[in-house]
Amino acid sequence: MKSMIDSILMAAATIMPLAACSDDNNTSEQRDWSTTTLFASSDAAAQDIYYKPQSGYVGDPMPFYDPIAKDFKILYLQDYRPNPVGTYHPIWAVSTTDAASYTSLGEIIPCGGINEQDAAIGTGSTIYNEADKLYYTFFTGHKYQLNAGDSREMVMMATSADFKHWTKSRTFYLKGADYGYDKHDFRDPFVFRGDDNLYHMLVAGKKNGKGVLAEWTSADLKAWEHKGVFMQCMWDRFYECPDVFKMGDWWYLVYSEIHEAVRRVQYFKGRTLDELKACTQNDAGLWPDSHEGFLDGRGLYAAKTASDGTNRYIWGWCATRSGKDNTKALEWAGNLVAHKLIQHEDGTLTLGEVPGIAAKFDNAATPTIAAKSENNENNKVEGDASNLKLTGNAWALFPRLGYQNRIEFTVKTAGKRDKFGISFVRGTDADVFYSLVVNDEGEETRKVNFEQQGTAGIGFLANGDSYVFQRPADNTYHIVITTDNSICTMYINDVCCYTNRIYGIQRNCWSINSYSGSVEVTGLTVASK
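Okay, so let's go over this structure. (Residues numbered from 1 in each chain as written. Predicted model: local features only at pLDDT ≥ 70, side-chain atom pairs only at ≥ 80, totals over all residues. Heavy atoms only, no water.)

Some details on the overall build of the protein chain
Turning to step 1, where the next piece is worked out: Along the backbone of the protein chain there are 2 helices and 37 strands.
Turning to step 2, where the next piece is worked out: Its C-alpha atoms give the protein chain a radius of gyration of 24 Å, near enough to 24 Å, the size a compact globule of 529 residues would have.
Turning to step 3, where the next piece is worked out: By principal-axis analysis of the C-alpha atoms, the protein chain measures approximately 75 × 55 × 40 Å.
Turning to step 4, where the next piece is worked out: Evaluated residue by residue, the protein chain yields a buried proportion of 58% over its 529 residues. (Helix = DSSP H or I, 4+ residues; strand = E, 2+ residues; numbered from the N terminus. Rg over C-alpha atoms; globule rule 2.2 N^0.38 Å. Buried < 20%, exposed > 50% of the residue type's maximum accessible area, 1.4 Å probe, protein only.)

Structure representation (structure tokens):
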């Protein structure tokens with residue numbers, strides 16, 4: 001499609017700082033940021049909205065609301081890249097009151113020695129025991145060097161009186177093999193308090209080759225009684241990082257499905273724990289909603305929740321990509337991403353924007369149009385950024401984004417099947433760019449697809465799609481997008497949440513696109529930091 005630059009000059013208020021600094025060195029470069037050509041940007045070493053430590057990455061978050069400090073503690077597996085051979089993923093932690101700003105607490109539970117059971121550490125959970133005034137963290141010990149009869153994985157425990165100084169128990173070892181479970185797949189202990197006032201521990205494991213969540217109960221967090229299988233995983237699935245909680249009148253299980261064909265965060269729901277357990281009995285597949293309980297796209301994994309009694313947030317990691325290439329496979333670990341849980345009247349869950357993140361952006365303004373597609377009989381761009389209409393195959397390009405951005409607008413499509421999207425890493429000279437396409441999956445359904453578009457684009461990227469959701473009855477989509485360096489989150493009407501890693505967003509232009517039909521865009525604002 002032919003294009004023309006409608007306007008290159010922008011008001012001084014929209015021009016980004018002229019002094020740019022490469023993230024790889026300290027050399028300042030004078031650059032005219034009012035242009036619309038592609039810029040090879042890179043991520044900052046540390047990020048704070050979607051947290052990343054200065055060194056390394058965040059793996060498997062273990063969020064916990066601290067009733068003593070009155071804040072959230074998010075423990076996580078520190079991924080150094082490269083990790084030491086055999087001894088890797090010590091538990092680090094951050095604290096936050098709003099899921100938007102974080103304070104690093106550093107390493108709290110180190111790895112064991114190369115020959116110990118916890119040479120490497122896997123996911124777990126933390127709980128506070130009011131009776132003995134101790135914090136308990138149950139975690140996975142992953143042995144590096146196995147001898148005959150050894151278990152690759154087992155559950156271990158550490159305690160602390162102040163959350164700063166932790167002591168590993170050298171007597172508590174929960175071995176799956178002792179109870180008929182696989183000795184190599186036995187991990188991710190999660191502890192919660194039930195309506196029976198007992199502590200319940202779930203462990204992801206296998207029994208007779210089939211994935212299960214095994215259950216133990218305890219009155220004091222020290223002595224545990226095996227209760228059998230809490231839930232069977234359906235088919236050939238394996239539910240990692242289980243998280244059970246009660247919200248209102250409903251019990252929920254949030255988990256991460258490891259199967260390569262799925263690999264997303266999902267949930268089940270039930271009025272009681274027994275009803276929750278029954279969701280998968282005999283591979284029943286009693287899904288909680290019309291899209292198999294998916295909470296996000298493939299960009300978010302290993303997510304768990306925590307509540308302060310008012311708000312419940314979910315934290316997971318958004319994966320990095322091999323070679324920092326947007327078309328490549330997702331890797332293990334990345335940035336810490338938070339969303340707010342939204343509970344609907346029927347008990348279904350979706351994810352929404354964290355209010356504390358929205359509050360960080362106080363400079364929202366309507367941007368100018370930097371460039372646009374050429375008008376012809378079938379494809380048109382009409383109006384300005386405050387009231388924009390796109391018809392056919394058309395697009396409007398907007399000025400360069402900052403390192404952290406919040407974009408908000410409303411799209412109304414003329415018909416049920418009209419298709420639109422948003423593109424990042426786009427310039428007037430770019431032969432490829434990356435798009436979030438609100439795709440027409442049917443007259444009544446939509447799905448966010450990740451596509452490499454442009455004259456040299458390869459189209460649909462299978463490792464970045466979302467899940468099917470219902471088309472809004474009035475064809476109106478309220479959209480909020482937040483980016484922090486290469487992390488992008490998008491929310492649509494409180495019914496769809498989409499997280500992805502897109503390298504090159506910062507310092508580059510972006511666009512809103514129509515692919516078919518006609519779309520009206522109103523209320524467009526951009527806030528950048």
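Here's the deal with the sheet that holds strand 15 (residues 225–232)
Turning to step 1, where the next piece is worked out: The strand order across the open sheet built from 4 strands is 12-13-14-15, with neighbouring strands paired in antiparallel fashion. Only two strands of the sheet have a single partner each, and these edge strands are strand 12 (186–193) and strand 15. The mean angle between the axes of side-by-side strands here comes to 30°, regardless of whether they run parallel or antiparallel.
Turning to step 2, where the next piece is worked out: Sheet topology places strand 13 (residues 199–207) next to strand 14 (residues 210–218); 9 bridges connect them, and they run antiparallel. By the bridge assignment for strand 14, M201 is matched with W216. (Pairing = 2+ DSSP bridges. Axes fitted to C-alpha atoms, helices over the stretch in contact; angles between N-to-C directions.)

Brief notes about a nonpolar patch on the surface
Turning to step 1, where the next piece is worked out: A cluster of nonpolar side chains, namely V85, I114 and Y144, defines an oily patch on the protein surface of about 270 Å² accessible area.
Turning to step 2, where the next piece is worked out: By the element assignment, I114 lies in the loop between strand 7 (103–109) and strand 8 (120–129).
Turning to step 3, where the next piece is worked out: I114 sits in the partly exposed class, given a relative accessible area of 32%. (Patch = residues over 30% accessible without salt bridge, like charges linked within 9 Å, V, L, I, M, F, W, Y side chains within 5 Å. Areas by Shrake-Rupley, 256 points an atom, 1.4 Å probe, with all protein chains shown as cover. Salt bridge = Lys/Arg side-chain N within 4 Å of Asp/Glu carboxyl O.)

Let's talk about the pattern of salt bridges
Turning to step 1, where the next piece is worked out: What the rule picks out here adds up to 30 salt bridges.
Turning to step 2, where the next piece is worked out: Of the charged contacts in the structure, one is a salt bridge between D66 and K73, with a shortest N-O distance of 2.7 Å.

Let's talk about the side chain of D66
Turning to step 1, where the next piece is worked out: Take D66: it is sitting in strand 4 (residues 57–66).
Turning to step 2, where the next piece is worked out: The class of D66 is buried, set by a relative accessible area of 1%.
Turning to step 3, where the next piece is worked out: A polar contact of 3.2 Å, which involves the side chain of D66, links it to the backbone nitrogen of A69.
Turning to step 4, where the next piece is worked out: With residues near it in sequence (within four places) discarded, D66 still touches D71, K73 and Y135. (Polar contact = N/O pair within 3.5 Å; in protein donor to acceptor, adjacent residues only side chain to side chain. Contact = heavy atoms within 4.5 Å.)

Side note on the nonpolar core
Turning to step 1, where the next piece is worked out: One finds W315, F409, F424, I479 and W510 to be the most contacted residues of the largest nonpolar core, which totals 83 residues.
Turning to step 2, where the next piece is worked out: Discounting residues that sit within four places of it in the chain, F424 has contacts with L401, I407, F433, Y434, L436, I481, C488, I502, I505, C509 and W510.
Turning to step 3, where the next piece is worked out: Membership of the second largest hydrophobic core comes to 19 residues, among which are L202, M234, L253 and L276. (Core = buried A, V, L, I, M, F, W, Y, C linked by side-chain atoms within 4.5 Å.)

Describing unusual backbone geometry
Turning to step 1, where the next piece is worked out: Here the bond from R81 into P82 is cis, since omega is 0°, no more than 30 degrees from zero.
Turning to step 2, where the next piece is worked out: As for its position among the elements, P82 is in the loop between strand 5 (71–79) and strand 6 (91–96).
Turning to step 3, where the next piece is worked out: Even without being a glycine, N475 presents a positive backbone phi close to 60°.
Turning to step 4, where the next piece is worked out: Counting through the fold element by element, N475 comes out in the loop between strand 32 (469–470) and strand 33 (476–484).
Turning to step 5, where the next piece is worked out: On the basis of relative accessible area, N475 is assigned to the buried category, the value being 10%.

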